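Listed below are the residues making up each chain.
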Amino acid sequence: MNAQFDMNDFTEIIVSEKQIATRLDEIAAQIREDYQGEELLLVGVLKGAVMVMADLARRMPPQVQMDWMAVSSYGSGTRSSGVVRILKDLDADLTGRHVLIVEDIMDTGMTLSWLLGNLRSRGAASVEVAALLRKPDAASVDVDVKYVGFDIPNDFVVGYGLDFDEKYRTLPFVAVLNPKVYGEA
């Protein structure tokens, strides 16, 4: 475990390392059942989904393929800007493929809604979403997330891939960031 963090940076741990592992086991079992006999492409959304993508992919059959896309609607702050930019596009051709977008968190839904439309326009046979975290109270756009790990409150969270100003991604749990860390205390 990474002991190089100060627990005073967080107000509470809302999803533990064990809870994440257990829930990913359950989600992976459902995905394997739903896509049995199909060729599946996992599309990880960088950088936040690195941890969940790696752990979910290890629970999939070895034939599952992976690709990465980087999109952003955040700057260095704690709120989405609402403007989506592609920072890194996919290498794979999606035509006729079953695609599962793997996300760390669904917050407002604006980025994810845009991403779903973009990938569907590329001729995929299907495009679905798996998100480790969802903030129902933050949603401003209705997005169907087929596989949800945990519904969480509308707090600013870090850990397990989620960051604040590129920090805290390596935490093995998800925690609410103390507002004093980002100057709102």
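Values in this document were obtained by computation on a predicted structure and should not be read as measured data. (Residues numbered from 1 in each chain as written. Predicted model: local features only at pLDDT ≥ 70, side-chain atom pairs only at ≥ 80, totals over all residues. Heavy atoms only, no water.)

S.K.: Provide a residue-level description of the overall build of the chain, including the pertinent values.
M.R.: If you tally the helices and strands in the chain, you get three helices and nine strands. Listing each helix as α and each strand as β along the chain from the N terminus yields β-α-β-α-β-β-β-α-β-β-β-β. Taken over the C-alpha trace, the chain has a radius of gyration of 16 Å; the compact-globule value for 185 residues is 16 Å, and the two agree within 12%. Seen through its C-alpha atoms, the chain measures out along the principal axes to roughly 50 × 35 × 25 Å. Here the chain holds 185 residues, and 48% of them are scored as buried. Residue pairs at least 24 apart in sequence account for 66% of intrachain contacts in the chain once pairs closer than 6 positions are excluded. Taken as a whole, the chain presents about 9200 Å² of accessible surface, with 47% of it coming from carbon and sulfur. (Helix = DSSP H or I, 4+ residues; strand = E, 2+ residues; numbered from the N terminus. Rg over C-alpha atoms; globule rule 2.2 N^0.38 Å. Buried < 20%, exposed > 50% of the residue type's maximum accessible area, 1.4 Å probe, protein only. Contact = heavy atoms within 4.5 Å. Areas by Shrake-Rupley, 256 points an atom, 1.4 Å probe, with all protein chains shown as cover.)

S.K.: Would you mind going over the sheet that holds strand β7 (residues 147–151) in detail, with residue names and values included?
M.R.: Pairing is mixed across the open sheet formed by six strands, whose spatial order is β4-β3-β2-β5-β6-β7. The sheet is open, and its two borders are formed by β4 (85–88) and β7, each paired with just one other strand. In this sheet, adjacent strand axes meet at a mean angle of 30° when their direction is disregarded. Where strand β6 (residues 126–134) meets β7, four bridges bridge the pair, whose relative direction is parallel. If you follow Arg-134 over to β7, its bridge partner there is Asp-151. Against the sheet, helix α1 (residues 17–34) makes contact with β2 (40–46), β5 (98–106), β6 and β7, and its axis sits at roughly 160° relative to β7, the strand it touches most. (Pairing = 2+ DSSP bridges. Axes fitted to C-alpha atoms, helices over the stretch in contact; angles between N-to-C directions.)

S.K.: Tell me about the side chain of Arg-97, and please be specific about residues and values.
M.R.: With respect to the helices, strands and loops of the structure, Arg-97 is situated in the loop between β4 and β5. For Arg-97, the side chain forms a polar contact with the side chain of Gln-65, separated by 2.4 Å. Setting aside residues no more than four positions away along its own chain, Arg-97 makes contact with Glu-39, Leu-41, Gln-65, Ala-92, Ala-124, Ala-125 and Ser-126. (Polar contact = N/O pair within 3.5 Å; in protein donor to acceptor, adjacent residues only side chain to side chain.)

S.K.: Quick rundown of the packing of α1 against helix α2 (residues 50–57)? Include the residues and the values.
M.R.: Taken N-terminus to C-terminus, the directions of α1 and α2 make an angle of 60°; their axes are 10 Å apart at the nearest point. By the criterion of interaxial angle, the relationship of α1 to α2 is oblique. Read as a crossing pair, α1 and α2 show a hand that is right-handed. For the pair formed by α1 and α2, the contact residues are Leu-24, Ile-27, Ala-28 and Ile-31 on the first element and Val-52, Asp-55 and Leu-56 on the second. Tallied by class, residues from the contact of α1 with α2 come to six nonpolar, no polar and one charged. (Parallel < 35°, antiparallel > 145°, perpendicular 65-115°, else oblique. Left-handed = near helix turned anticlockwise from the far one by under 90°. Nonpolar A, V, L, I, M, F, W, Y, C, P; charged D, E, K, R; others polar.)

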